[in-house]
Amino acid sequence: MYCLPVEKIDSFFEAVASKQKLYLPVTNSSKKANFELWEKGKVLSDELKTVRSAKDFFFPKAERLVNYKVNGKEIVVEDPRKEVEDFVVFGVRACDAKSFEVIDAVYLNMTPVDTYYKNRREHGTVITLACNEPAQTCFCSTYKLDAANPAGDVSCWKADGKFYFEANTEKGKALIEAVKGVLADGDAKAVEECKKQITEKVEKLPFAHLDLSKLEKHEMLKMFNSKIWDQISEACLGCGTCTYVCPTCMCFDVRDFKKNDGSVEQVRCWDSCMYNDFTQMAAENPRHTQKERSRQRFMHKLMYYPMAHENVFACVGCGRCLESCPVNMNIVKVIKAYNESEE
């Protein structure tokens, strides 16, 4: 384990940035944090969470897939991808680190492999940061995530006036080895005390231990036909905010844009199951109402995904949907409503 004083963290950032691009949470003028490319003068945010998750680095909001042009009977196809440079993301919380595994299960561990996503995952190194002050909206412990042990390629803790680092993977070890000149040997006692304090705080959170036992029975049709959906979807605006801030949402659309030279640029962009044109087909949309769309979103997180992926829920308890929904509709309310239902 290595460490350095909090006031010298910029020396660590500079050392990393000299090897590869470095991104970290930075607070903007609205007092919100988002990941930005580090350069001298950029200050690590004290905010617990970024508005959008670190998912963006591996599954960006929009990316070009292919360019093509038709010349008579000839079709010219161009792959617009360029080799992704190695990069480091610092300050990823345990919930976001877990979200990568949720998406990996779909884009890497199923056939066909998503080569765009795979390329970014291979080039990215994730440095996580333990949550010293978890928020009241956090409920990662419901899914047995540990905010005190955030995983990643390198785990980092802020304790006793220092940042402590511990490499977990070969990528993490290579990174620490490359910059250890600015680090000193660290005492694990301070980290253990930090972990203890974080765990105690998490245990006191209002949603720390939501009951998932009813969901774990995998009674899919029972949940699908539950009466809870009428009430839960009643206020939904279909704005899609919850899906855009969610670290595990991975739905996308593919659109073609014709350029001035006659060529066509095909772009993959995020989509939302809360939109009325989501999965629109030539005949119609299979989900006509907001009730059906809301049910689809939460059934996928809590039932469909875990049934297909060894009981792993497609929610990591980050709390972003609790904080951002304009009508306070969120997955915690769904879990509680289903637990209290008599069906």
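Preceding block: the structure.
Rules behind the numbers
Residues numbered from 1 in each chain as written. Predicted model: local features only at pLDDT ≥ 70, side-chain atom pairs only at ≥ 80, totals over all residues. Heavy atoms only, no water. Helix = DSSP H or I, 4+ residues; strand = E, 2+ residues; numbered from the N terminus. Rg over C-alpha atoms; globule rule 2.2 N^0.38 Å. Contact = heavy atoms within 4.5 Å. Areas by Shrake-Rupley, 256 points an atom, 1.4 Å probe, with all protein chains shown as cover. Polar contact = N/O pair within 3.5 Å; in protein donor to acceptor, adjacent residues only side chain to side chain. Salt bridge = Lys/Arg side-chain N within 4 Å of Asp/Glu carboxyl O. Buried < 20%, exposed > 50% of the residue type's maximum accessible area, 1.4 Å probe, protein only. 1 Å grid on protein atoms, 1.4 Å probe; cavity = no way out; pocket = protein on both sides within 12 Å on 5 of 7 lines; lining within 4 Å. Points joined across faces, edges and corners; volume = space filled by probe spheres on them. Nonpolar A, V, L, I, M, F, W, Y, C, P; charged D, E, K, R; others polar.

Here we come to the overall build of the protein chain. Scanning the protein chain from terminus to terminus reveals 11 helices and 12 strands. What you see for the protein chain is a C-alpha radius of gyration of 22 Å, in line with the 20 Å of a compact globule of 343 residues. In the protein chain, the proportion of contacts linking residues at least 24 apart, taken out of those at least 6 apart, comes to 70%. For the protein chain, the exposed area adds up to about 17,400 Å²; of that, 50% sits on carbon and sulfur atoms.

The next thing to look at is the side chain of S226. By the element assignment, S226 lies in the loop between α6 (220-224) and α7 (228-233). Polar contacts involving the side chain of S226 include one to the main-chain amide nitrogen of I228, which spans 3.2 Å.

The full count for this structure, using the stated rule, is 20 salt bridges. E170 is the salt-bridge partner of K173, the closest N and O atoms lying 3.7 Å from each other. Here E170 and K173 lie together in helix α4 (residues 170-179), a separation of 3 residues that amounts to about one turn. Note on E170: relative accessible area 60%, which makes it exposed. E219 serves as the salt-bridge partner of K222, at 3.6 Å between the closest nitrogen and oxygen. On the basis of relative accessibility, which here comes to 31%, the residue E219 falls in the partly exposed class. Within the structure, one salt-bridge network assembled from shared partners comprises E63, D114, R120 and R268.

Once that is clear, we can look at the layout of surface pockets. Here the largest pocket defines a volume of roughly 490 Å³. If you trace the largest pocket, you find 28 residues lining it, with D46, L129, N132, K158 and F163 closest to the centre. Elements supplying a minimum of two residues to the lining of the largest pocket: α1 (9-17), β8 (154-159) and α5 (188-203). In terms of residues, the lining of the largest pocket owes the most to one element, α5, which gives 6 residues. By residue class, the composition of the lining of the largest pocket is 14 nonpolar, 3 polar and 11 charged. If you add up the space inside the second largest pocket, you get close to 300 Å³. Those elements that place two or more of their residues in the lining of the second largest pocket are α2 (94-107) and β7 (124-129). When residues in the lining of the second largest pocket are grouped by element, the largest group, 5 residues, is from α2. Broken down by class, the residue content of the lining of the second largest pocket amounts to 7 nonpolar, 4 polar and 6 charged.

By themselves, these figures tell us nothing about what the structure is for.
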